[in-house]
Amino acid sequence: IATTWPQVAAWPNDPREHATYLSDYLRKALVCIDSAGDQPVPKPLVKTIIAAISVLISKFQNTLDLSAVV
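Here is what the cut-offs are and how they apply
Residues numbered from 1 in each chain as written. Predicted model: local features only at pLDDT ≥ 70, side-chain atom pairs only at ≥ 80, totals over all residues. Heavy atoms only, no water. Helix = DSSP H or I, 4+ residues; strand = E, 2+ residues; numbered from the N terminus. Patch = residues over 30% accessible without salt bridge, like charges linked within 9 Å, V, L, I, M, F, W, Y side chains within 5 Å. Areas by Shrake-Rupley, 256 points an atom, 1.4 Å probe, with all protein chains shown as cover. Salt bridge = Lys/Arg side-chain N within 4 Å of Asp/Glu carboxyl O. Buried < 20%, exposed > 50% of the residue type's maximum accessible area, 1.4 Å probe, protein only. Expected span 1.5 Å × (residues − 1). Arc of directions from axis to C-beta. Contact = heavy atoms within 4.5 Å.

With respect to the environment of threonine 63
Phase 1: Following the sequence through the fold, threonine 63 ends up in the segment after helix H2 (43–61).
Phase 2: On a C-alpha basis, the gap between threonine 63 and proline 15 in space is 8.5 Å, while along the polypeptide they are 48 residues apart.

Here it is as structure tokens:
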């Protein structure tokens, strides 16, 4: 029996929390893919991963650069 896919929950609003959550989700998804062998990867879960990465990138693009503020 293959490892079950990680559950999808609400993604945090804070970019750093979102990145942490996404990183954990991707690690778990990778374990599932590795354990699945030649089985196909479920399309809805791949779509979730792509959407989460897209939102995270957008959050970082819209975050103010505070490195110049002294």
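Section: a nonpolar patch on the surface
Phase 1: A grouping of Leu30, Ile33, Val41, Val46 and Ile50 is seen on the molecular surface, where their side chains present a nonpolar patch of about 400 Å² in accessible area.
Phase 2: For the nonpolar patch, the secondary-structure elements that each account for two or more residues are helix H1 (15–36) and H2.
Phase 3: A relative accessible area of 54% places isoleucine 50 in the exposed class.

Considering H1
Phase 1: Its 22 residues give H1 an end-to-end C-alpha distance of 31 Å, which sits within 8% of 32 Å, the value for a rise of 1.5 Å per residue.
Phase 2: Along H1, the residues that are buried comprise Pro15, His18, Leu22, Tyr25, Ala29 and Cys32. The buried residues of H1 occupy one face: seen down the axis, they fall within an arc of 100°. In H1, the exposed positions angled more than 90 degrees off the buried face are occupied by Arg16, Thr20 and Asp34.
Phase 3: Its buried side turned inward, H1 meets H2.

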